[in-house]
Structure formats: structure tokens, C-alpha cells
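Structural overview for review
The lines below spell out each chain.
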Amino acid sequence: MIAVVIPIAMALFTAAALLNLYRLAIGPDIVDRILALDTLMINSIALIVLSNIWMGLSVLFELALLIALMGFVSTVAMSKYLLRGDVIE
């Protein structure tokens, strides 16, 4: 059962990542591009975790955590830059 579900989920997350890349390239304004980049990070985390489960490894969970941390920090930094014009006060 899981051998069928994981490849389907990976295909759907890949399709979502491609749609996020489209929004990142064509987005009407910078806020849409920031949100698309954040959602692309979430999709990449999901793909890493799904491939980790599918291969039966436990090595890539740390990579998913690092990507999540960097995605959060970069989203906060970009949003703060848009609001104030400066990241560090």
C-alpha cells in the first residue's frame, strides 16, 4: 500500500513545486514571489521526507530540518526588508 501511495504523493508534490516555480517567475508582485518561494521550500521538505520514507533511510531528516529553518529565516528576513527597508536595525 505504501509503495503505491508514496510515488503518487511525490508526483503531486513535484507538480505543486513546478506550479510554485511558475508563480515565482511570473508573480505579479514581490509578495507573491516571496510566498511562492516559501511554499516551494515546504514542497521540497515534503519531497525529501517522502523520499526518505520510501528509501527507508533516516539520514535526510536533518536536511529537511535545515531547509525548514533556512526557509523560515529567509521568509522573515524578506518580509522585514519589504516592511522596513532594512533587515538589521
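Residues numbered from 1 in each chain as written. Predicted model: local features only at pLDDT ≥ 70, side-chain atom pairs only at ≥ 80, totals over all residues. Heavy atoms only, no water.

The name an unreviewed UniProt entry gives the protein chain is K+/H+ antiporter subunit F, with Halomonas urumqiensis as the organism. In its Subcellular location (unreviewed entry) section, UniProt records this for the protein chain: "Cell membrane". (UniProt positions renumbered as here; feature names shortened; annotations may be inferred.)

**Describing the overall build of the protein chain**
When helices and strands are tallied, the protein chain shows 3 helices and 0 strands. Seen in sequence order, the protein chain has helices and strands lined up from the N terminus as α-α-α. Scaling as 2.2 N^0.38, a compact globule of 89 residues should have a C-alpha radius of gyration of about 12 Å, whereas the protein chain reaches 15 Å, well beyond that. Across its three principal directions, the C-alpha atoms of the protein chain cover 50 × 30 × 15 Å. Residues counted as buried form 21% of the 89 residues belonging to the protein chain. Relative to all contacts within the protein chain whose residues are 6 or more apart in sequence, the contacts with residues 24 or more apart total 44%. (Helix = DSSP H or I, 4+ residues; strand = E, 2+ residues; numbered from the N terminus. Rg over C-alpha atoms; globule rule 2.2 N^0.38 Å. Buried < 20%, exposed > 50% of the residue type's maximum accessible area, 1.4 Å probe, protein only. Contact = heavy atoms within 4.5 Å.)

**What about the environment of A64?**
Tracing the sequence through the fold places A64 in helix α3 (residues 61–84). A C-alpha to C-alpha distance of 11 Å links A64 and L50, two positions 14 residues apart in sequence. With near-sequence residues (within four places) excluded, A64 lies in contact with I45, I48 and V49.

**Regarding the UniProt feature "transmembrane region" (unreviewed entry) in the protein chain**
In the numbering adopted here, UniProt assigns the feature "transmembrane region" (unreviewed entry) to residues 6–22, 34–57 and 63–83. Helix makes up 100% of residues 6–22 and strand 0%, with an end-to-end C-alpha separation of 24 Å.

**A few points about the confidence of the model for the protein chain**
Looking at the protein chain as a whole, its pLDDT mean stands at 91, while 99% of the residues score no less than 70. Predicted confidence in the protein chain is weakest over α3, with a mean pLDDT of 90, and strongest over helix α1 (residues 2–26), with 95. (pLDDT = per-residue confidence, 0-100.)

**Comments concerning the packing of helix α2 (residues 30–55) against α3**
The contact between α2 and α3 brings their axes to 9 Å, and the two run at 175°. Considered as vectors, α2 and α3 are oriented roughly antiparallel to each other. Residues I30, V31, I34, L37, D38, M41, S44, I45, I48, V49 and N52 of α2 touch α3, and the partners they reach there are F61, L63, A64, I67, A68, G71, T75, M78 and L82. Of the residues assigned to the contact of α2 with α3, the class counts are 15 nonpolar, 4 polar and 1 charged. (Axes fitted to C-alpha atoms, helices over the stretch in contact; angles between N-to-C directions. Parallel < 35°, antiparallel > 145°, perpendicular 65-115°, else oblique. Nonpolar A, V, L, I, M, F, W, Y, C, P; charged D, E, K, R; others polar.)

**Considerations on α2**
Between the first and last C-alpha of α2 there are 37 Å, a value that for 26 residues agrees with the 38 Å anticipated at 1.5 Å per step. I34, A36, L40, N43, I45, A46, I48, L50, S51 and N52 are the residues of α2 that are buried. Packing partners of the buried residues in α2 comprise α1 and α3. G56 lies just past α2 and shows a positive phi near 80°. (Expected span 1.5 Å × (residues − 1).)

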